[in-house]
Protein chains: 2
Amino acid sequence: MDEFERITRLRQRFAGASAHVVLGIGDDAAVLRGGPSDVVISVDSAVEGVHFDRAFGSWRVLAARAFTAAVSDLAAMGATPRAALSSLIVPRELEAGAFDELNAGLADAAARYACPIVGGNLAAGRELSLTTTVIGAVDGPALTRSAARPGDAIYVTGSLGGAALGLHLLQLSAAETAPAFVERWQKPCARIAEGQRLRAVAHAAIDVSDGALQDLGHICEASGFAAELEVERLPLPDGLRELARELGQDPLALALLGGEDYELIYTLPSTLVDPAAGTRIGRMLDVPGTPVLIDAAGKTLALPGRGYRHFG
Amino acid sequence: MDEFERITRLRQRFAGASAHVVLGIGDDAAVLRGGPSDVVISVDSAVEGVHFDRAFGSWRVLAARAFTAAVSDLAAMGATPRAALSSLIVPRELEAGAFDELNAGLADAAARYACPIVGGNLAAGRELSLTTTVIGAVDGPALTRSAARPGDAIYVTGSLGGAALGLHLLQLSAAETAPAFVERWQKPCARIAEGQRLRAVAHAAIDVSDGALQDLGHICEASGFAAELEVERLPLPDGLRELARELGQDPLALALLGGEDYELIYTLPSTLVDPAAGTRIGRMLDVPGTPVLIDAAGKTLALPGRGYRHFG
């Protein structure tokens, strides 16, 4: 399959229509309809051997996951997805079938989030990577990390730690032990609807990519206030504690440091009802600082470590 | 230098202000001011060992070049640059000094094109790559590849073949032979002003990245008409013919197949004066097909080959 055949396949795969797309794949750039909404843009890369291993899922599943991780940043801003660009670096020896499956996975996720792929780039390289640029819109101010206030209640959507446990099982080649956890890693959900509901009322939000503790730390740093996290309130998926202990893993470390759950952590005025139906896990303090862990009695606990870092 | 130090340096480097940027680096996504203009978006990757070799220029020059290649797609649409996202995949062993130089080069190009870097992504990988997403604006229809018409005159800005000859010298480790050609490869110019002037009057445009013949072929394919290219009209830089022959290279092949000149090829109604001060090199025909080469007498010449392809 030569370059033009590959590009023709990409064009056919991604030839979707949308009221917001003036010009899609096939020119030097894509064109989106302007309008009063502000434009929200983000980019995320998934590199084979760093963010995923090809044994950790089908190409289709891995590509959809990479796309979802990018869309999750729009969720954390309260934005509505509008379009995406997909930049692929692909080893020349990757078979045509695998290439098609990658693009099928991107198309799956693009359809799921109503975020059509309107352009991209295809290059040869030794190392496979998928870089997804997402473009969204907000009517009014976006939901940032930097406006959490003292006394805010801290919430999280869904549950924490499942993706990290699933990844651990994949690394042990033991996916069949607990497919539900493996699916938490393989098939995350970007919380677009929750982000949209939160945008007008939440003070701050971030998505959980590097680990809940580290990501909450970004809210603390950007907002200028410390936070208190009640570890006994953390929403762990059913069965996580038991399986984690069987595997010699600390359930709390999975939930706090694991990352890749792509849930939203957000802060709300403490009197508000949470429109995203999340779990209340702590509160913002009136001093500068980083997150601290407390038990139900209010006693401070030691931190289990830190989240994922690419360097150092 | 750990990940957060690296990201802090990126934030400091790219903390520029612009009337169009509501929110820059430091959140889950960046926010650009909405407005009546349509949004033009494109992405381009430069992979070490594929698009460049680290011996072919300083990190600063190589990074500015990668950024410019992305901006060039905005030029080809007649768009005004608004903002960029920079997604870097960097080997862990790359020294801090090299990392800083890469970002200095990105900042140079961002300043040159008034296209501030408002976000991005940093990941570890075995293979160094720079993926740049550019966002621009057009007031009115963008300049596409697909509306060239029979009888249109075909023009090109600047000159062709210099970048390919410069790359050839770099590959021979003979840059000192002719630094001016080497600079044509190292320091291309995205033709933003020319694209803007052409947008309202040109029928079609493309930037020369893969080779003039191949890129004109894209106009032919998208527009549905063949083109006639007068090879004796091709604007070659001074001294190219002589040096090419000395090196055993075909000057015509350099100009037609070399690519990476980042000039614009465009078509205009034959009665118009070219607002971009380019060189007239041919005309669109009234039959479907690909570009054909002719000499001054109108005799058809054989094609010297084809442009760069990543696969096959």
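The rules behind each value
Residues numbered from 1 in each chain as written. Chains lettered and ligands numbered in written order. Predicted model: local features only at pLDDT ≥ 70, side-chain atom pairs only at ≥ 80, totals over all residues. Heavy atoms only, no water. Helix = DSSP H or I, 4+ residues; strand = E, 2+ residues; numbered from the N terminus. Contact = heavy atoms within 4.5 Å. Areas by Shrake-Rupley, 256 points an atom, 1.4 Å probe, with all protein chains shown as cover. Lys, Arg positive; Asp, Glu negative; His and termini not counted. Charge placed at Lys NZ, Arg CZ, Asp CG, Glu CD. Pairing = 2+ DSSP bridges. Axes fitted to C-alpha atoms, helices over the stretch in contact; angles between N-to-C directions. Parallel < 35°, antiparallel > 145°, perpendicular 65-115°, else oblique. Left-handed = near helix turned anticlockwise from the far one by under 90°. Nonpolar A, V, L, I, M, F, W, Y, C, P; charged D, E, K, R; others polar. Phe/Tyr/Trp six-rings, centres within 6.5 Å; stacked < 30°, edge-to-face > 60°. Lys NZ or Arg CZ within 6 Å of the ring centre and 35° of its normal.

Engineer: I would appreciate a short explanation of the overall build of chain A in the present structure.
Structural biologist: Along the backbone of chain A there are nine helices and 13 strands. Dimensions of chain A, computed from C-alpha atoms along their principal axes, come out at roughly 65 × 50 × 35 Å. Counting only contacts in chain A whose residues sit at least 6 apart along the sequence, the fraction spanning at least 24 positions is 83%. Summed over all atoms, the accessible surface of chain A reaches about 11600 Å², with 50% contributed by carbon and sulfur. Positive and negative side-chain charges of chain A, numbering 27 and 38 respectively, have mean locations separated by a distance of 2 Å.

Engineer: How should I be thinking about the sheet that holds strand β2 (residues 30-32) of chain B in this particular structure?
Structural biologist: Pairing between the strands of a sheet comes from backbone hydrogen bonds, and it takes one of two forms, parallel or antiparallel. Taken in spatial order, the six strands make up an open sheet running β5(A)-β4(A)-β6(A)-β3(A)-β2(B)-β1(B), and their pairing is mixed. A strand with exactly one partner marks an edge of an open sheet, and here the two such strands are β5 (117-124) of chain A together with β1 (21-23) of chain B. Taken over all neighbouring pairs, the strand axes of this sheet differ in orientation by 20° on average, direction set aside. Direction of pairing for strand β4 (residues 80-90) of chain A relative to strand β6 (residues 129-138) of chain A: antiparallel, over a ladder of nine bridges. By the bridge assignment, A:Thr80 is partnered in β6(A) with A:Ala137. Across the sheet, helix α3 (residues 96-112) of chain A touches β4, β5 and β6 of chain A, and the angle it forms with β4(A) is around 165°.

Engineer: Sorry, what's going on with the packing of helix α1 (residues 3-13) of chain B against helix α3 (residues 96-112) of chain B here?
Structural biologist: Packed helix pairs are specified by the crossing angle of their axes together with the interaxial distance, meaning the distance between the axes. Residues and elements named next belong to chain B. In contact at an axis separation of 10 Å, α1 and α3 are set at 25° when each is read in the N-to-C sense. Overall, the two elements α1 and α3 adopt an arrangement that is roughly parallel. Regarding α1 and α3, the two cross each other, and that crossing is right-handed. Counting all contacts with α1, which are made through Arg 6, Arg 9, Leu 10 and Arg 13, the residues of α3 involved are Phe 99, Asp 100, Asn 103, Ala 104 and Ala 107. Taken together, the residues of the contact of α1 with α3 sort by class into four nonpolar, one polar and four charged.

Engineer: I'm lost on the packing of aromatic side chains in this one. Help?
Structural biologist: The full count for this structure, using the stated rule, is four aromatic pairs over all chains. Here the basic side chain of A:Arg65 rests over the ring of A:Trp185, its NZ or CZ set 3.7 Å away from the ring centre.

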